[in-house]
Amino acid sequence: MDREGAKGGGPARRAGRTRRAVLLGGLGVVAAAAVAGREEIGRAWWLLPGVAKPRKEGELDHAGAGWTAASPANWRRADRPDDYRVDRIVVHVTQGGFASSVDAFKNPWHKASAHYIVRQDGHVEQMVRELDVAFHAGNRSMNERSVGIEHVGFVDRPQDFTDAMYAASARLTADVCRRYGIPADRTHLVGHSEVPGADHTDPGPHWDWNRYVRMVGEELKAAG
């Protein structure tokens with residue numbers, strides 16, 4: 001007699017236990033799905049008429065930036081930070097010029113965008129509202145929780161990362177950090193190459209992270 005049989009657990013009992021396990025497992029899946037469904041419903045509450053934050057075409061999140069709208073195919077409407085918290089800033093390098101990068105984000109077939117592009121002369125162009133989810137990190141969760149900032153240049157050209165670019169980007173990043181309560185450190189300021197699942201190398205070895213984080217911290221202190 002096997003061990004289960006010695007305990008009075010014949011085939012019928014084992015079958016009963018299996019059916020209960022299946023039933024309880026199924027209820028667990030249903031409960032998990034219900035929770036997930038409630039989370040998605042909670043995030044979509046702003047879709048109801050009159051609930052979403054007011055929007056105006058061309059409205060800026062960062063004072064002094066220019067505005068060019070990215071194609072709606074390259075970002076997803078949201079109501080951040082009410083539906084998704086914003087706690088990361090992702091640093092990118094365009095691997096191209098300013099005009100070609102703007103044109104790419106305007107192209108609905110490109111399927112990618114960023115919230116901002118910073119030029120070498122310090123000009124900042126906003127292309128997606130921070131309310132919304134830009135497709136910039138190649139990772140859905142990171143896209144939902146982050147602001148993406150592109151920097152015009154190439155990863156193998158250190159001369160592309162000018163003083164004016166660092167200064168303008170640090171002001172922009174400090175502004176974003178201040179508004180969302182994001183710590184200005186390397187846990188929360190990340191490169192595209194550091195995003196889980198990323199296949200990009202930007203901002204590359206010539207991006208001076210120590211300088212950048214220090215400048216962002218100085219901007220935060222200066223603003224009080």
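This is a predicted model, so every value here is computed, not measured. (Residues numbered from 1 in each chain as written. Predicted model: local features only at pLDDT ≥ 70, side-chain atom pairs only at ≥ 80, totals over all residues. Heavy atoms only, no water.)

**Here's the deal with the pairing of strand β7 (residues 146-151)**
Burial analysis of β7 places six of its six residues in the buried class, which makes it a mostly covered element. Across the two faces of β7 the burial is the same, with S146, G148 and E150 and V147, I149 and H151 all buried. Bridge count for strand β3 (residues 88-93) against β7 is six bridges, and the pairing is parallel. Bridge pairing links V90 to G148 in β7. (Buried < 20%, exposed > 50% of the residue type's maximum accessible area, 1.4 Å probe, protein only. Helix = DSSP H or I, 4+ residues; strand = E, 2+ residues; numbered from the N terminus. Pairing = 2+ DSSP bridges.)

**A short note on helix α3 (residues 98-106)**
Residues S101, V102, A104 and F105 constitute the buried set of α3. Along the axis of α3, the buried positions cluster into a sector of 160 degrees, meaning they face one direction only. Considering only its buried residues, α3 is in contact with β4 (116-118) and β7. (Arc of directions from axis to C-beta. Contact = heavy atoms within 4.5 Å.)

**A look at the layout of surface pockets**
Volume-wise, the largest pocket comes out at about 350 Å³. Taken together, 24 residues form the lining of the largest pocket, with H110, A112, E150, H192 and H200 sitting closest to its centre. In terms of residue class, the lining of the largest pocket is made up of eight nonpolar, 12 polar and four charged. Looking at the second largest pocket, its volume works out to about 190 Å³. Partitioned by chemical class, the residues of the lining of the second largest pocket number seven nonpolar, one polar and six charged. (1 Å grid on protein atoms, 1.4 Å probe; cavity = no way out; pocket = protein on both sides within 12 Å on 5 of 7 lines; lining within 4 Å. Points joined across faces, edges and corners; volume = space filled by probe spheres on them. Nonpolar A, V, L, I, M, F, W, Y, C, P; charged D, E, K, R; others polar.)

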